[in-house]
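The residues making up each chain are set out below.
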Amino acid sequence: MQRRTFLGRTLLGVTGMASSSVLGLAGALTARNAHAADTLKVGAMIPASGPAGLFGPSSKNCCLLAQDDINARGGILGQKIEVLFGDAGAGPEAATQTALKLWKGAGVRAFVGMHDSAVRGALTTMLRGQVPYFYTASYEGGECSLGVYVTGETPAQQLAPVIPWLSEQRKLKRWYLIGNDYSWPRETNAIARTHIASSGGSVVGEEYVPFSVDNFDASLAKIRASGADAVLITLVGGASVSFNRAFAGLGLAAGITRLGTLIEENTLAGIGVQNAENLYSSAGYFAALQTAPAKAFAARYQARFKGPDAQLNSLAESCYEGFLMFEELARRAGKITVPAFNVASEGAHYDGPRGRVEMHQRHVVEDILVARASPSGFEIAKTFPAVGAGQSCKV
């Protein structure tokens, strides 16, 4: 199924958190002095529509908080930054046109993007390494295009340390893999198979469902029949919500451990903690993180943003991290060009809400957290320090 078909759909009605009206028209300027000539414009490509729009409102908030924090430090290379938003949830073609207008029409000097891999591929093809592009979403790995700097997690980070640990903790042997039918789930599961096998387990079922599916009865019957004691979930947004609700509704939650690599706080809110028994997630950040930098970030966020759309979560926070890396590369390079950023990127580091983040081969080394759902939300169950992305991009 084509990604544009999937992303053209709205959420399943489980949260009402995301719609195109949240971010306004694609390419709309959100900074107060949007046309000021003395500011540095940065394009934020985040989903305002489609099932991934679940993450849109909080992602916008984190971009605006990054704008405030960076400008309070004097901006980037002496210029205050302005964030210009474009919808990355309407499919690759629409997202490309939006980004082109922001770049050529509005004068954007760099992009920060939290969106799916299909949109990333379209944007890298259009940009052709002419402006820096910071990709912040967790993804399948392998992105080495010129000018792309990845701050999101890879399977080498989210699964390589986590599957062996969780398998030992929960005595897991029989895994069922289920995801939406596109590159991220398929390539993630190919890597997961290796770590399941090395942990003494086996894969007893593997399934990819169209983005249009909102009834998982057949899939749940297969899981029950397989004898699985663990399920790895690579479903997106509303699909993950529907699956996990139905999973618990059929009484599977008590006996089968679930692990997701795209289940963050907004998705958990949609699932409901009452449906989240034995549900785990792995990421570089959760709002439950109690380090001093994370608590300070959360306090600033919560002081500014209120309401049901403001739920702080790992995917939204990744947008903030993208701006921090942009700020650091500009500081090291002294100018905003891809050649200068490539040189500056190796070993670039900062201390942010996630802790120490350091870039090597245009990917990052960072702490990886495993969170377990509890009656009060996510709780950090395990921290793996300074996990590498497992990528080999020429610098």
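Residues numbered from 1 in each chain as written. Predicted model: local features only at pLDDT ≥ 70, side-chain atom pairs only at ≥ 80, totals over all residues. Heavy atoms only, no water.

The name an unreviewed UniProt entry gives the protein chain is Substrate-binding domain-containing protein, with Herbaspirillum huttiense subsp. lycopersici as the organism. Entered under Sequence similarities (unreviewed entry) in the UniProt record, the comment concerning the protein chain runs "Belongs to the leucine-binding protein family." (UniProt positions renumbered as here; feature names shortened; annotations may be inferred.)

Q: Hey, could you go over the nonpolar core for me, with residue numbers and the actual values?
A: Grouped together as the largest cluster of nonpolar side chains are 103 residues, with contacts concentrated most on F111, V231, F243, F247, F323, M325 and F326. Sorting elements by how many residues they give to this core places helix α13 (residues 314-333) first, with ten residues. Excluding residues that lie within four positions of it along the chain, F247 makes contacts with L220, I223, V231, L252, A253, I256 and R258. Counting 18 residues, the second largest nonpolar core, distinct from the first, contains L159, V162, A230 and I368. (Core = buried A, V, L, I, M, F, W, Y, C linked by side-chain atoms within 4.5 Å. Buried < 20%, exposed > 50% of the residue type's maximum accessible area, 1.4 Å probe, protein only. Helix = DSSP H or I, 4+ residues; strand = E, 2+ residues; numbered from the N terminus. Contact = heavy atoms within 4.5 Å.)

Q: Before we move on, could you go through the state of the cysteines and cite the residues and values that matter?
A: Scanning the model with the defined rule gives one disulfide in all. As a non-bridged cysteine, C62 has C319 as the owner of its nearest cysteine sulfur, 6.6 Å distant. Its relative accessible area of 0% is what places C62 among the buried residues. (Disulfide = S-S within 2.5 Å.)

Q: Tell me about the environment of L123, residues and numbers included.
A: Position of L123 among the secondary structure elements: in helix α5 (residues 117-127). Along the chain, L123 and L84 lie 39 residues apart, while their C-alpha atoms are 16 Å from each other. The residues contacting L123, other than those within four sequence positions of it, are M45, A95, T96, A99, H115 and Y133.

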